[in-house]
Amino acid sequence: MSEMIRLIRNEWMKIFKRNSTFILIAILIGAVFLFAFVSSWSSNQQSQTMPWEEQVSQQMSVYEQQEAQSENMHEKNYYQDQAAIARHRLENDIPPPQHTSFIQYLLDSKSNITFAVLFTVIIASGIVASEFAWGTIKLLTIRPVRRGKILWAKYITTLLFSLTLAIITYLGAIIGGLVFLEKGDGVLLTMVEDHIVEQSVWIESLRLYGLAFVNMIIMTSFAFMIGTLSRSNALAIGLSIFLMFTGQQLVFLFQEYTFVKFYLFTHTDLSQYLQPKPMIEGISPLFSVTVLMLYLFVFLLISHLSFTKRDIAT
Amino acid sequence: MNEQPVVQLKNITKKIGGKTIIDDLSLDLYPGQVTGFLGPNGAGKTTTIRMMVGLMKVTSGEVMIDGYKLKDNYRKSIAQVGAIVENPEMYKFMSGYQNLVHFARLQGNISKERIKEVVKQVGLESRIHDKVQAYSLGMRQRLGLAQAILHKPKFLILDEPTNGLDPAGIREFRMYLRKIATEDGVSVFVSSHLLSEIELMCDRIAIIQQGKLISIRSVQGSDQDKRKTFLFKVSDKEKAWQIVRDNFGDIEVEVVNDRLMIKLEKEQSAKVNRIFIESGIDVYEIIPHKKTLEEEFLEMTGGEQIV
């Protein structure tokens, strides 16, 4: 175990002794603050045209209509709950978080995770491939440590790095929000076993970030695999980023076919289950998690076999 | 050599894509010996070295290090190996010291004191905290050596170790290799294209060509050949040539530039000298002409280029 810790410390050192890592982190923090600034700027542009009571009662009638048209239980329940919450707001005079409030901003800020994924993919692609590019792979592997263990240390380090970036993104969003946005007087409500209760913004935002982090782990592992397999940094970064942006589009392209149920990007966004409808018919959270685990297992197996069995001849 | 070999290559063969790169190569390396490894370009030197350190797997045969099979007992056998495979590639964005800390962690129990000691040994004390980026090739070689000896291995593999060192550095390096071989009993395996270097550094030389070991011999080997070529510089070449012909009959003798080249046994050279003087020919120089390793190497490998 202590050997594993030594190996992880080595990998961590190799990431953080590079200036480029700090540039990535600086860009990430910059992007997060920019998001906060733009949110506050755009909220100042929109003047409140309608009192919230009117908005909510409009929404309530939309929810009731949707509920009537719903095709399955999940969807029906969703709209039923939403309509009930809206009714509860009107009866008890509890305003929803305004578009301009800190609460709504923090929930929206989970899209910042995209930057963190992007930068983690860069690190994950390079953590094995760079050793080949630098030629250091030779001095790294001729040691009394099994190659597989070196690879696992690299993978764990990559996950720790992605967690670090996710935390920076979250904390950055909070600080940015405190600096640029007003708190507002809205309250989040949610349905827990037929009771409407107040939901803390911290729990709700952590839930959204947590689901986004699952996507981050999958993309990181994918980039890690391609980097290990191809031993080429550029290919791994390119392919991962390409899939990051096009992968989900393909779900809609292929939605007529049954294989789309087993397609990775049908499942990477788990927050789809917080919506009335998931991306395609006939998938459940359990199914998605199972598919993701299988993909993860295959990614890591391929990386492991490629790293431990192939000759090092560069 | 009565001692047990530290490294044994037993009939190792490497095939890549149906092509035989290394063909049934066997070699024993002993403690306290410096063995040179020579061969023309593409003969399989690097492949052999890579198989010795486990970077490449053997197709058949066995690599034994310190009594363990590399294949079955990787950790125990590789723990006794220190190596620079080709150029010593380091993490350029870290300091020399951080690089050594990195390799020490991979090696296991290596104290800070040991790192300091090694830094001193390779003469990098003043620059060890600079980034490797700023190092000259010679300094990188020194750092490469430092990481290779950090764990006091019984077996040291060096690929082109003097590349980039200045003459003083090369000399220092040679002395150091000899020292760890004789004092610590380390077995050293050096591949180099500088034949004169190998000759000065090594006790034994292994020559490889087209994946086959074609010769293993000690460096002093050529001295054992009783007949040597001597170059005589004399006042009258033609007369001298005639005298040699008359007195020694079947001996090889030719005129090369302003000298007479004669192939003789050692004792005969004195006799030739005496006869010359008695015949009134002045002798200015007698130079024993030793065949250089390069000449021998070219003969053996059929004049292929060496790297």
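Calculation criteria
Residues numbered from 1 in each chain as written. Chains lettered and ligands numbered in written order. Predicted model: local features only at pLDDT ≥ 70, side-chain atom pairs only at ≥ 80, totals over all residues. Heavy atoms only, no water. Helix = DSSP H or I, 4+ residues; strand = E, 2+ residues; numbered from the N terminus. Contact = heavy atoms within 4.5 Å. Areas by Shrake-Rupley, 256 points an atom, 1.4 Å probe, with all protein chains shown as cover. Axes fitted to C-alpha atoms, helices over the stretch in contact; angles between N-to-C directions. Parallel < 35°, antiparallel > 145°, perpendicular 65-115°, else oblique. Left-handed = near helix turned anticlockwise from the far one by under 90°. Nonpolar A, V, L, I, M, F, W, Y, C, P; charged D, E, K, R; others polar. Buried area = accessible area lost by both parts, 1.4 Å probe. Salt bridge = Lys/Arg side-chain N within 4 Å of Asp/Glu carboxyl O. Polar contact = N/O pair within 3.5 Å; in protein donor to acceptor, adjacent residues only side chain to side chain. Pairing = 2+ DSSP bridges. Expected span 1.5 Å × (residues − 1). Buried < 20%, exposed > 50% of the residue type's maximum accessible area, 1.4 Å probe, protein only. Arc of directions from axis to C-beta.

Novice: What exactly am I supposed to notice about the overall build of chain B here?
Specialist: The helix and strand inventory of chain B stands at 11 helices and 14 strands. Projecting the C-alpha coordinates of chain B onto the three principal axes gives extents of approximately 75 × 50 × 35 Å. Looking at chain B alone, contacts between residues at least 24 apart form 68% of all its contacts between residues at least 6 apart. Within the structure as shown, chain B displays about 14600 Å² of accessible surface, and the carbon and sulfur contribution to it stands at 46%.

Novice: I tried to follow the packing of helix 6 (residues 113-134) of chain A against helix 9 (residues 201-230) of chain A on my own but got confused; where do I start?
Specialist: Describing two packed helices takes the angle between their axes plus the distance from one axis to the other. Residues and elements named next belong to chain A. Look at helix 6 against helix 9: their axes get within 8 Å of each other, and the N-to-C directions meet at 25°. Classified by the angle between their axes, helix 6 and helix 9 sit roughly parallel to one another. Classified by chirality, the crossing of helix 9 by helix 6 is right-handed. The segment helix 6 lies against helix 9, with I113, A116, V117, T120, V121, A124, S125, I127, V128 and A129 engaging Y209, A212, M216, M219, T220, A223, F224, G227 and T228. Taken together, the residues that form the contact of helix 6 with helix 9 break down as 14 nonpolar, 5 polar and no charged.

Novice: Would you explain the environment of T190 of chain A in this entry?
Specialist: Residue and element names in this part refer to chain A. Along the polypeptide, T190 turns up in strand 1 (residues 188-192). Separated by 26 residues in the primary sequence, T190 and M216 place their C-alpha atoms 27 Å from one another. Apart from the residues within four sequence positions on either side, T190 is in contact with I85, H195, I196, V197 and Q199.

Novice: Would you mind going over the interface of chain A and chain B with me for this structure?
Specialist: Note on interface size: it is often stated as the accessible area lost on association of the parts. The interface of chain A with chain B comprises 30 residues on the first partner and 29 residues on the second. Both faces combined, the contact of chain A with chain B buries some 3100 Å², and carbon together with sulfur accounts for 55% of it. Inspection of the region where chain A meets chain B yields 2 salt bridges. We note a salt bridge from K14 of chain B to D311 of chain A, for which the minimum N-O separation is 2.6 Å. The interface formed by chain A and chain B holds 19 residue pairs in polar contact (both at pLDDT 80 or more) in total. Going through the elements one at a time, helix 1 (2-16), helix 6, helix 7 (137-141), helix 8 (147-180) and helix 12 (285-309) of chain A are the ones with two or more residues in the side of chain A that touches chain B. With 7 residues, the single largest contributor to the side of chain A that touches chain B is helix 1 of chain A. Looking at the side of chain A that touches chain B residue by residue, the classes come out as 11 nonpolar, 6 polar and 13 charged.

Novice: I tried to follow the sheet that holds strand 5 (residues 68-69) of chain B on my own but got confused; where do I start?
Specialist: Pairing between sheet strands relies on hydrogen bonds along the backbone, with the strands arranged either parallel or antiparallel. Residue and element names in this part refer to chain B. Taken together, 4 strands build an open sheet; the order of strands is 2-1-4-5 and the sheet is antiparallel. Looking at the sheet topology across the chains shown, the edges are occupied by strand 2 (19-29) and strand 5. Here strand 4 (residues 60-65) pairs with strand 5 via 2 bridges, running antiparallel. Considered in strand 5, the bridge of M64 is made with K69. Along the sheet, helix 1 (residues 45-52) contacts strand 1 (7-16), strand 2 and strand 4; its crossing angle with strand 1, the most-contacted strand, is approximately 120°.

Novice: Explanation requested: helix 3 (residues 52-69) of chain A in the structure shown.
Specialist: The periodicity of an α-helix, 3.6 residues per turn, causes residues three or four places apart in sequence to face the same way. All names here are of chain A. With 18 residues, helix 3 should cover 26 Å at 1.5 Å per step; its first-to-last C-alpha distance of 26 Å lies within 8% of that length. Of the positions making up helix 3, those classed as buried are W52, V56, M60, Y63 and E67. Each buried residue of helix 3 lies within a common arc of 80° when the element is viewed along its axis, so the set occupies one face. The exposed set on the far side of helix 3, more than 90 degrees from its buried face, consists of Q65, A68 and Q69. Taken together, the buried residues of helix 3 touch helix 4 (73-92).

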